[in-house]
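Chain by chain, the residues:
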Amino acid sequence: LVLACSSHEASPISEDTHIKGVSEIIVGVLGGGQLGRMLCQAASQMAIKVMILDPSKNCSASSLAYGHMVDSFDDSATVEEFAKRCGVLTVEIEHVDVETLEKLEKQGVDVQPKASTIRIIQDKYIQKVHFSRHGIPLPEFMEISDIEGAERAGELFGYPLMIKSKRLAYDGRGNAVANSQDALTSAVTALGGFSRGLYVEKWAPFVKELAVIVARGRDGSMVCYPVVETVHRDNICHIVKAPADVPWKINKLATDVAQKAVGSLEGAGVFAVELFLTDDGQILLNEVAPRPHNSGHQTIESCYTSQFEQHLRAVVGLPLGDPSMRTPASIMYNILGEDDGEAGFRLAHRLIARALSVPGASVHWYDKPEMRKQRKMGHITLVGQSIGVLEQRLQCILSEQTHQVH
Ligand code: ATP
Ligand code: MG
Ligand code: MG
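Quick look at the structure, then.

What counts, and where the lines are drawn
- Residues numbered from 1 in each chain as written.
- Chains lettered and ligands numbered in written order.
- Predicted model: local features only at pLDDT ≥ 70, side-chain atom pairs only at ≥ 80, totals over all residues.
- Heavy atoms only, no water.
- Near = heavy atom within 4 Å.
- Polar contact = N/O pair within 3.5 Å; in protein donor to acceptor, adjacent residues only side chain to side chain.
- Areas by Shrake-Rupley, 256 points an atom, 1.4 Å probe, with all protein chains shown as cover.
- Helix = DSSP H or I, 4+ residues; strand = E, 2+ residues; numbered from the N terminus.
- Axes fitted to C-alpha atoms, helices over the stretch in contact; angles between N-to-C directions.
- Parallel < 35°, antiparallel > 145°, perpendicular 65-115°, else oblique.
- Contact = heavy atoms within 4.5 Å.
- Nonpolar A, V, L, I, M, F, W, Y, C, P; charged D, E, K, R; others polar.
- Donors = N, O, S within 2.8 Å, 3.2 Å for Na, K, Ca; no water.
- Core = buried A, V, L, I, M, F, W, Y, C linked by side-chain atoms within 4.5 Å.
- Buried < 20%, exposed > 50% of the residue type's maximum accessible area, 1.4 Å probe, protein only.
- Pairing = 2+ DSSP bridges.

1. Notes on the site of ligand 1
Then step 1. If you check the shell around ligand 1, you find 20 residues, and the closest are Lys164, Asp171, Gly172, Glu209 and Asn235.
Then step 2. Here an oxygen atom of ligand 1 sits 2.7 Å away from a polar atom, N or O, in the side chain of Lys164.
Then step 3. In this structure, a nitrogen atom belonging to ligand 1 sits 2.8 Å away from a main-chain N or O atom of Ala204.
Then step 4. Relative to its unbound accessible surface of 620 Å², ligand 1 loses 94% to contact with the protein.
Then step 5. Looking at the shell around ligand 1, the elements that each hand over two or more residues are β7 (161–165), β9 (198–202), β10 (206–216), β14 (269–278) and β15 (283–289).

Next comes the structure, spelled out in structure tokens:
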């Protein structure tokens, strides 16, 4: 089923793509969640056509996309059929059918970033092996396939010990912490057992979590966004502060590590690099996303070129935009479902109503058909003169009383 899509043929990307030719190109996006939705929003400004492939008829991106093929991005025949309609393929989620993308690439289909990148990233263990081979600093890690292996890892790395699923992980679903040897079995069980493919990471005693978005154009040019601080709650991104409050040297180190990590991967697009800052001033890589990312949502209001526009520029072959901030500070707050169903909607709407009365606050609502606890339903971005002022404004939004803030 293809919704709302004209019948004209897909144009390929040529070496001299320019803005006039851009409206002829259809960018195919595997996945139609909030990232796909915000890609569609950025695309409309430059008349780029975005077609999405997502099994849900009511997915977030559907109402804004140029076309929506309602089907699975994990099914070979479907992805092949979808590719025929697009000039270039990209992703908003890395858990896609990578074998098919590799096959399509061999047939000359344009996939950005490259399928090789998605293959490395979609398995977190393979990702860790790849980055350690490229000399990127990481928490120590090892594969485990039975309880004896987990115990050996515990003896080697100590506790707490982070156990992770290799595949299909997001929002911390796929992570379990064992605080002692006795807790190993229950942590493994919580992750669905060893057959799912597990590995362990040494606990990273971080003082802050940082993230850097790196963009690479089709010509290999690279730009980095300012380093941000991410704050997670229950393993889910909760707040992002930009710029991060870290010394100049840390800023430089984080940017260098991020750029080096992305330099080891192939293809065009934006890449988000999640990092740990330890108390002794080390930067360790946590993971990389080969696509726009939650740590970059504030770029819509706070940077000259948002991560979404940048991703489209990169995959389509336009010059990359300026990633620097156009506001002194910004804070992004994720609106997570606090309850299932109607009760959750009521709470979220009260929060949004308060945000709408605060200067410098922008509300993004993803229009997901179902409200679920801990689900990312929208976000609020605050921009202003300093992080301190924005933290106060965020507190006003989060407090139950309605304030008029000036
Ligand atoms: P995402 O939604 O970012 O894709 P994910 O499910 O892939 O999340 P991770 O990024 O691996 O999960 O971990 C989520 C959070 O758990 C991290 O942001 C960090 O707060 C914590 N965490 C992960 N690995 C470690 C570690 N080795 N030591 C300490 N904390 C960790
Ligand atoms: Mg992840
Ligand atoms: Mg993560």
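On we go from here.
2. Let's talk about the packing of helix α2 (residues 34–45) against helix α11 (residues 307–316)
Then step 1. As a packed pair, α2 and α11 sit with axes 8 Å apart at the nearest point and diverge in direction by 70°. Viewed along their axes, α2 and α11 adopt a mutual orientation that is roughly perpendicular. Residues Leu35, Met38, Leu39, Ala42, Ala43 and Gln45 of α2 touch α11, and the partners they reach there are Phe308, Glu309, His311 and Leu312.
Then step 2. Its residues placed into classes, the contact of α2 with α11 shows seven nonpolar, two polar and one charged.

3. With respect to the coordination of the magnesium ion (ligand 3)
Think of it this way: four donors in a tetrahedron around the metal ideally sit 109.5 degrees apart, and six in an octahedron ideally sit 90 or 180 degrees apart.
Then step 1. Summarising the metal site, the magnesium ion (ligand 3) is bound by the protein donors Glu274 (OE), Glu274 (OE) and Glu287 (OE), whose distances to it range over 2.0 to 2.7 Å.
Then step 2. Separating the magnesium ion (ligand 3) from the magnesium ion (ligand 2) is a gap of 3.7 Å, which Glu287 spans by donating to each of them. Linking Glu274 in strand β14 with Glu287 in strand β15, this pair joins segments that are 13 residues apart in sequence.

4. Details of the nonpolar core
It is characteristic of soluble globular proteins that their nonpolar side chains tend to be buried jointly.
Then step 1. In this structure, Leu210, Leu275 and Leu285 are the most contacted members of the largest nonpolar core, which totals 30 residues.
Then step 2. Sorting the residues of this core by element identifies α5 (115–122), α6 (124–133), β10, α9 (248–263), β14 and β15 as the ones contributing at least two each.
Then step 3. The element that contributes the greatest number of residues to this core is α9, accounting for six residues.
Then step 4. Discounting chain neighbours no more than four positions away, the residues touching Leu285 are Lys128, Phe131, Ile136, Pro137, Leu138, Pro139, Ala261, Val273, Glu274 and Leu275.
Then step 5. Counting 25 residues, the second-largest nonpolar core is a separate cluster that includes Val22, Val27, Val50 and Val316.

5. Some thoughts on the sheet that holds β7
Then step 1. With antiparallel pairing, the four strands of this open sheet are ordered in space as β6-β9-β7-β8. Unpaired on one side and paired on the other, β6 (141–144) and β8 (175–178) mark the two borders of the sheet. Strand-to-strand, the axes of this sheet are offset by a mean angle of 30°, without reference to chain direction.
Then step 2. Pairing of β6 with β9 involves four bridges; the strand directions are antiparallel.

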